[in-house]
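# Summary of structural features
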Amino acid sequence: QATEIALKDDGSGRWTGTWKVTDAAVYAHVKVGNGSAYDTNKDRFWAFIVGGSDGRPLPMANFRAAMACYGMLPQTCRKAEDLDEALEYLEQETRLYPKNISAAVNLAMLRRRTEQTEDAEMRTEMNRLTSLMPQAATAMDAIGLSEAYTAVGDPMRARQILVDAATRFPGSKAEEQLGLSGLGEAQTIDEFFGKLADHLDKFPQTFARQNIIDAA
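Everything numeric in this text was worked out from a predicted model, so none of it was measured.

Along the chain, Asn62 turns up in helix α1 (residues 61–68). Overall, Asn62 belongs to the buried group, its relative accessible area being 5%. Non-local contacts of Asn62, meaning those with residues more than four positions away in its chain, are made with Ile49, Pro57, Tyr89, Gln92, Glu93 and Leu96.

Here you go:
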């Protein structure tokens, strides 16, 4: 969710602005500009982790920060890919919140992607994680479990996890993820565009909007 904050000259040449994040926010990053030209800090932006009253990062804060490091956000707010930084965020999230299955699954996959572990080690970790949570407690847990089953070569179980979560958590990220996977099942271009239109109508703010448009 993008928000524009107007800056004001405080009289000494400093330009300042204030913004109160919503209660649901856990992570934000910022760029500065005049409407036509922007400083994005070399595409790293200026990142903020939201903390709780105890000073600890809120649940999912480090996870969201890690996702931003994958270089897949919409172009206007896309951070440069930095997998080492993503690893640090995911390690922090799993230390603070070991029950965050999505963070644990992404950490295992990223360690494999960066060749810190072998396939066998990743599969062992995925099997361990799926054994800890037979059924997803939240929509995000469902996405994590689905990714874990995909990683160990069980696509049917991965899909069933999302189908179940879409029923239990309508309108959630899990249902959105299920809809995205359905786009690839279209047999004709007309069917694809029909599915695409339905998906964008149901999830107008989908995180994959640009990727969907590029695919079209």
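A separate point is helix α2 (residues 83–96). The terminal C-alpha atoms of α2, which comprises 14 residues, lie 20 Å apart, in line with the 20 Å expected from a rise of 1.5 Å per residue. Taken together, the buried positions of α2 are occupied by Leu83, Glu85, Ala86, Leu87, Tyr89, Leu90, Glu93 and Thr94. Elements that come into contact with the buried residues of α2 comprise β6 (46–49), α1 and α3 (101–113). Of the residues that open α2, the one with a side-chain oxygen 3.3 Å from the backbone nitrogen of Asp84 is Asp82.

Before going further, it helps to examine a nonpolar patch on the surface. Where nonpolar side chains cluster on the molecular surface, the patch consists of Ile5, Leu7, Trp15, Trp19, Val30, Val32, Trp46 and Phe48 and spans about 750 Å² of accessible area. Along the chain, the position of Trp19 falls in the loop between β2 (15–16) and β3 (27–30). The partly exposed category is assigned to Trp19, whose relative accessible area is 44%.

On to the pattern of salt bridges. The full count for this structure, using the stated rule, is twelve salt bridges. A salt bridge links Glu85 to Lys79; the shortest N-O distance between them is 3.8 Å. The residues Glu85 and Lys79 share a single accessibility class, namely buried. The shortest N-O distance in the salt bridge between Glu91 and Arg111 comes to 3.6 Å. One end of the pair, Glu91, is in helix α2; the other, Arg111, is in helix α3, and 20 residues separate them in sequence.

Position of Ala47 relative to the elements: it lies in strand β6. Each C-alpha atom, one on Ala47 and one on Ala28, is 5.9 Å from the other, the two residues being 19 residues apart in sequence. Excluding residues within four positions of it along the chain, Ala47 makes contact with Tyr27, Ala28, His29, Lys79 and Tyr89.

Going through the model one piece at a time under the given rule, you end up with zero disulfides. Unpaired in terms of disulfides, Cys69 finds its nearest cysteine sulfur in Cys77, a separation of 13 Å. Residue Cys69 is classed as buried on the basis of its relative accessible area of 0%.

Attention now moves to the environment of Gly71. Position of Gly71 among the secondary structure elements: in the loop between α1 and α2. When the C-alpha positions of Gly71 and Asp43 are compared, they lie 9.7 Å apart, and in sequence the two are 28 residues distant. Aside from chain neighbours lying at most four places away, what touches Gly71 is Arg78, Lys79 and Glu81.

Our focus in this paragraph is the confidence of the model for the protein. The predicted coordinates should not be examined in detail at positions where pLDDT is low. Chain-level statistics for the protein give a pLDDT mean of 91 and a share of 100% at 70 or above. The least confident element of the protein is helix α9 (residues 209–215), whose mean pLDDT is 79; the most confident is α2, at 97.

Interhelical geometry of α2 versus α3 gives an angle of 145 degrees and a closest axis separation of 9 Å. Regarding α2 and α3, the two cross each other, and that crossing is left-handed. Residues Leu83, Ala86, Leu87, Leu90, Glu91, Glu93 and Thr94 of α2 form the contact with α3, whose participating residues are Ala103, Ala104, Asn106, Leu107, Leu110, Arg111 and Arg113. Residue composition of the contact of α2 with α3, by class: eight nonpolar, two polar and four charged.

Rules behind the numbers
Residues numbered from 1 in each chain as written. Predicted model: local features only at pLDDT ≥ 70, side-chain atom pairs only at ≥ 80, totals over all residues. Heavy atoms only, no water. Helix = DSSP H or I, 4+ residues; strand = E, 2+ residues; numbered from the N terminus. Buried < 20%, exposed > 50% of the residue type's maximum accessible area, 1.4 Å probe, protein only. Contact = heavy atoms within 4.5 Å. Expected span 1.5 Å × (residues − 1). Polar contact = N/O pair within 3.5 Å; in protein donor to acceptor, adjacent residues only side chain to side chain. Patch = residues over 30% accessible without salt bridge, like charges linked within 9 Å, V, L, I, M, F, W, Y side chains within 5 Å. Areas by Shrake-Rupley, 256 points an atom, 1.4 Å probe, with all protein chains shown as cover. Salt bridge = Lys/Arg side-chain N within 4 Å of Asp/Glu carboxyl O. Disulfide = S-S within 2.5 Å. pLDDT = per-residue confidence, 0-100. Axes fitted to C-alpha atoms, helices over the stretch in contact; angles between N-to-C directions. Left-handed = near helix turned anticlockwise from the far one by under 90°. Nonpolar A, V, L, I, M, F, W, Y, C, P; charged D, E, K, R; others polar.

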